[in-house]
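Observations on the three-dimensional arrangement
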Amino acid sequence: MAGKSIRHFFTNVICGLVYSKHGRKKLRVLLNSPLMEYIRFIRADTGLCFPRMRTFVGYQARSLIISADNRWIYKFPLRRDNYRQLARREQRIVRALRPFSPIDIPDVELIENKGMLVRKYEFIRGVTLRGGPRDVIMANLDVLAAQVARFLYDVACADPDEIRDLKPEPDAAPGYMRGWCQGDVCDNFMIDLKTMRVIAFIDWEDACFCDFSYMFNCEKRTPAREFMNAVHIEYDKIWHMRDKQ
Ligand SMILES: Nc1ncnc2c1ncn2[C@@H]1O[C@H](COP(=O)(O)OP(=O)(O)O)[C@@H](O)[C@H]1O
Ligand SMILES: [Mg+2]
C-alpha cells in the first residue's frame, strides 16, 4: 500500500514537469503500468526478441496501446472493471459488421495472459484526421467525408442476426441516422495520405445500435467540425438517392 502511494507521489511529481496535456496523460499511464511485463508478453506473442515498439494512449486513456514492428497492436486495459465483457462485445460486433463495411474493420483477437484479457489487432499504416497535416486534410475533406458517409450508411443498414441481442430492442430497425455505429467516427479512422483513401475504422469498444445524429451536433474543434458537416451533407445525399431508387 505504502509502495503504491510512493509510486503515485513520484508519478505526480514527474508528470508535473511535462507541459503538454497529452504528454502528461501518456506519461502517467506509462508510469502506472507494468510495462516490463507487457513487453515480455509482446516478445513471447510475436516470437521476436526486439520488436520495434511504440506506445499510444487513446482519447479517454482507457487502455495502454503498444504497437510491435508496425505489424500488430496490443491493447492492455487500464481501469474499468467490465473490460472483459467490453472486449468480448467488441469482438462480436467487429466480426458481425466486417462483411458489410466498405472500409476495413480490423479483426480483434483476444488473448488470456496472467488473468488479463489482451486485445490484439493488425497494425494499420495511416494517420488519423487530427494526426495528419492540417492543410492536406482540409484540402481533401470532401473526398474523405464521402467515404465515411458511405461507411456510416452501409454499416447502419446492416442488421446482422448474430448481434441482435446487443441491440437495445431486438426488433429495432435501421433508419435515417439510426443503426449500428462505431460511436465516435471522427477520431477513429486511418487515412492513407498518398491516396486519400480511408483504409480502416478502429476502436469499436463503444459501438452501439443507436440514433447517431448526436455525432453531428456536438461542439467540435476544427478540423473535426468541418469534417462532420461534410459527412452530414454526403450522408443526406446517399439517403435521398435511396428514396429515389
Ligand atoms: N490497429 C491500429 N493500427 C494503427 N494504429 C492504431 C491501431 N489501433 C489504435 N491505434 C493508435 O492508437 C490510438 C488510440 O487507439 P484507440 O483504439 O482509438 O483507443 P481508445 O479506445 O483509447 O480511443 C489511435 O488513434 C491510433 O493512433
Ligand atoms: Mg479511439
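Residues numbered from 1 in each chain as written. Chains lettered and ligands numbered in written order. Predicted model: local features only at pLDDT ≥ 70, side-chain atom pairs only at ≥ 80, totals over all residues.

**With respect to the overall build of the protein**
Going by this rule: Runs of E in the DSSP output that reach at least two residues are strands. Runs of H or I that reach at least four are helices, and both are numbered from the N terminus. For the exposure call, what matters is how many other C-beta atoms sit within 10 Å of a residue's own: 20 or more marks it buried, 12 or fewer exposed, and in between partly exposed, using C-beta atoms placed from the backbone. The contact criterion used is a C-beta to C-beta distance within 7 Å, with each C-beta placed from the backbone.
Looking only at helices and strands, the protein has eight helices and nine strands in total. The principal-axis extent of the C-alpha atoms belonging to the protein is close to 65 × 40 × 35 Å. Going through the 245 residues of the protein one by one, you find that 22% of them count as buried. In the protein, of all internal contacts separated by at least 6 residues, the share reaching a separation of at least 24 is 62%.

**Some points on the site of ligand 1**
To be explicit about the condition: In this text, near has one meaning. A residue is near a molecule or strand if its C-beta atom, placed using the backbone, is within 6 Å of it. Residues are sorted three ways: Asp, Glu, Lys and Arg are charged, Ala, Val, Leu, Ile, Met, Phe, Trp, Tyr, Cys and Pro are nonpolar, and all the rest, Gly among them, are polar.
Around ligand 1 sit 17 residues, and of these Phe56, Gly58, Tyr121, Ile124 and Asp203 come closest. Split by residue class, the shell around ligand 1 holds nine nonpolar, five polar and three charged.

**So, unusual backbone geometry**
With an omega of 5°, the peptide bond between threonine 222 and proline 223 qualifies as cis. A positive phi angle, close to 55°, is found at aspartate 69, a residue other than glycine. As for its position among the elements, aspartate 69 is in the loop between strand S2 (63–68) and strand S3 (72–77). For aspartate 69, a count of 14 C-beta atoms within 10 Å gives the class partly exposed. Despite not being glycine, lysine 114 has its phi angle at roughly 45°, a positive value. Tracing the chain through its elements places lysine 114 in the loop between strand S4 (109–113) and strand S5 (116–122). With 8 C-beta atoms packed within 10 Å, lysine 114 lands in the exposed category.

**Describing the environment of tyrosine 121**
Here tyrosine 121 lies in strand S5. Tyrosine 121 gets classed as buried once you count the C-beta atoms within 10 Å, which come to 20. Distance in space between the C-alpha atoms of tyrosine 121 and leucine 97 is 16 Å, their sequence separation being 24 residues.

**Focus on helix H3 (residues 35–46)**
What counts is decided by this rule: Between the first and last residue of a helix there are one fewer steps than residues, each counted as 1.5 Å, and that sum is the expected span.
Taking 1.5 Å of rise per residue, twelve residues should cover 16 Å, and H3 covers 16 Å from first to last C-alpha, within 8% of that figure. Just past H3, the residue glycine 47 takes up positive phi, approximately 75°.

**Looking at the sheet that holds S3**
The strands making up a sheet associate through hydrogen bonds between their backbones, and the pairing can be parallel or antiparallel. Rules: Any two strands with at least two DSSP-identified bridges between them are counted as paired. Axes here refer to lines fitted to C-alpha atoms; in helices the fit is confined to the stretch in contact. Angles between the N-to-C directions go from 0 to 180 degrees.
Across the sheet, which stays open at both edges, the five strands sit in the order S1-S2-S3-S5-S4 with antiparallel pairing between neighbours. Two strands bound the open sheet, and with one partner strand each, they are strand S1 (53–57) and S4. Neighbour to neighbour, the strand axes of the sheet diverge by 25° on average, direction disregarded. Note that S3 and S5 share four bridges and pair antiparallel. Within S5, the residue paired with isoleucine 73 across the bridge is tyrosine 121. Contacting S1, S2, S3, S4 and S5, H3 runs over the sheet at an angle of about 40° to S2.

**What to know about the pairing of S5**
Sheet topology places S4 next to S5; five bridges connect them, and they run antiparallel. Looking across to S5, one finds that glutamate 112 is bridged to leucine 117. The turn joining S4 and S5, which pair antiparallel and follow one another in sequence, is formed by two residues; a positive phi near 45° is taken by lysine 114.

**Section: the nonpolar core**
In a soluble, globular protein the nonpolar side chains are often hidden away together inside. Our working rule: What makes a nonpolar core is a set of buried Ala, Val, Leu, Ile, Met, Phe, Trp, Tyr and Cys residues, with links drawn between C-beta atoms within 7 Å.
The biggest cluster of nonpolar side chains holds 36 residues, and the ones touching the most others in it are Val148, Ala149, Leu152, Val155, Trp180, Cys181 and Phe189. Elements with a minimum of two residues in this core: helix H4 (83–97), helix H6 (141–157), strand S6 (178–181), strand S7 (189–192), strand S8 (197–201) and helix H8 (224–244). Broken down by element, the residue count for this core peaks at nine residues, all from H6. In terms of nonpolar packing, the next biggest core, distinct from the first, is built from eight residues, Val29, Ile66, Ala68 and Phe76 among them.

**Regarding the environment of arginine 84**
Relative to the helices and strands, arginine 84 is located in helix H4. A residue is classified by how many C-beta atoms lie within 10 Å of it, and arginine 84, with 14 of them, is partly exposed.

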